[in-house]
Amino acid sequence: MIPRPRHGRMDAHGLCSIIKSVMPNFRWNRWNEEHIAAHSVSIEEAEAVVRGVRRPFPRAIDDNKFLVCGRGSGGRLLQVVFVLDDDGTVFVIHARSLTDKEKRRMRRRRR
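As a starting point, this report considers the structure included with it. (Residues numbered from 1 in each chain as written. Predicted model: local features only at pLDDT ≥ 70, side-chain atom pairs only at ≥ 80, totals over all residues. Heavy atoms only, no water.)

### What to know about the overall build of the protein chain
Reasoning step 1: Scanning the protein chain from terminus to terminus reveals four helices and four strands.
Reasoning step 2: Helices and strands appear in the protein chain in the N-to-C order α-α-α-β-β-β-β-α.
Reasoning step 3: Among the 111 residues that make up the protein chain, the fraction classed as buried is 41%.
Reasoning step 4: In the protein chain, the proportion of contacts linking residues at least 24 apart, taken out of those at least 6 apart, comes to 52%.
Reasoning step 5: Here the protein chain has roughly 6,500 Å² of accessible surface; of this, 48% comes from carbon and sulfur atoms. (Helix = DSSP H or I, 4+ residues; strand = E, 2+ residues; numbered from the N terminus. Buried < 20%, exposed > 50% of the residue type's maximum accessible area, 1.4 Å probe, protein only. Contact = heavy atoms within 4.5 Å. Areas by Shrake-Rupley, 256 points an atom, 1.4 Å probe, with all protein chains shown as cover.)

### So, the side chain of Asn32
Reasoning step 1: The residue Asn32 is located in helix 2 (residues 30-37) in this model.
Reasoning step 2: A polar side-chain atom of Asn32 sits 3.1 Å from the main-chain carbonyl oxygen of Val92.
Reasoning step 3: For Asn32, the contacting residues outside a window of four places in its chain are Arg27, Phe91 and Val92. (Polar contact = N/O pair within 3.5 Å; in protein donor to acceptor, adjacent residues only side chain to side chain.)

### Let's talk about the sheet that holds strand 4 (residues 90-97)
Reasoning step 1: Strand order in the open sheet formed by four strands is 1-2-3-4, and the pairing between neighbours is antiparallel. Of all strands in the sheet, those bounded by a partner on one side alone are strand 1 (59-62) and strand 4. This sheet shows a mean twist of 30° between the axes of neighbouring strands, independent of strand direction.
Reasoning step 2: Of the pairings in the sheet, the one linking strand 3 (residues 77-84) to strand 4 comprises seven bridges and is antiparallel in character. Following the sheet pairing, Leu78 is matched in strand 4 by Ser97.
Reasoning step 3: Running over the sheet, helix 3 (residues 43-51) touches strand 2 (65-71), strand 3 and strand 4 and is turned about 80° from strand 3. (Pairing = 2+ DSSP bridges. Axes fitted to C-alpha atoms, helices over the stretch in contact; angles between N-to-C directions.)

### Looking at the pairing of strand 4
Both faces of the sheet carry side chains from a regular strand, because those side chains alternate between them.
Reasoning step 1: The buried fraction of strand 4 amounts to six of the eight residues, a majority that puts the element mostly inside the structure.
Reasoning step 2: Counted along the chain from strand 3 to the antiparallel partner strand 4, the turn is five residues long, and its residue Gly88 has a positive phi close to 90°.

### Looking at the side chain of Gln79
Reasoning step 1: By the secondary structure assignment, Gln79 is in strand 3.
Reasoning step 2: Sequence-distant contacts of Gln79, that is, excluding residues within four places in its chain, are made with Leu67, Val68, Cys69, His94, Ala95, Arg96, Leu98 and Glu102.

### Comments concerning the pattern of salt bridges
Reasoning step 1: The tally for this structure, following the rule as stated, stands at seven salt bridges.
Reasoning step 2: Residue Arg51 is joined to Glu47 by a salt bridge in which the shortest nitrogen-to-oxygen separation is 3.1 Å. Here the residue Arg51 and the residue Glu47 both occupy positions in helix 3, the gap between them amounting to four residues, near one helical turn.
Reasoning step 3: Two residues, Lys65 and Asp62, come together in a salt bridge whose shortest N-O distance is 3.9 Å.
Reasoning step 4: Residue Asp62 is classed as partly exposed on the basis of its relative accessible area of 42%. (Salt bridge = Lys/Arg side-chain N within 4 Å of Asp/Glu carboxyl O.)

Structural data, given as C-alpha cells:
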C-alpha cells in the first residue's frame, strides 16, 4: 500500500521514491483487465511498469492520476495510467504500447 499525503496532491517525484521503496498493491476488476487486454497488455506487464518506475515518471496528469512509461515484464515499452485509491492501492485505468515516436523520445531522455 502506498501512503497517502495528509493534505493536498501527491508529488509525482515523491511518489516515484515511495513506489520504489514499498511494494504497491494493485486493484484489478473485469473493467480494467479487459481494457488493458484490448491493448494487448497483460496485468503482469502493467504492474512491472509501475513497480519499475524511473524518473521523470510518474508524471501527474490530473488530480490523483499518474502516467508512467517503462518496460513491461516482457520487455516492451509501455505507457500505464493509474489512480491511487483512498487506501493507496494502485488502480490501472489505461495501458498500451508506446508509439515509435514516443519510444524515440523516451530513449533520448534516458541518455
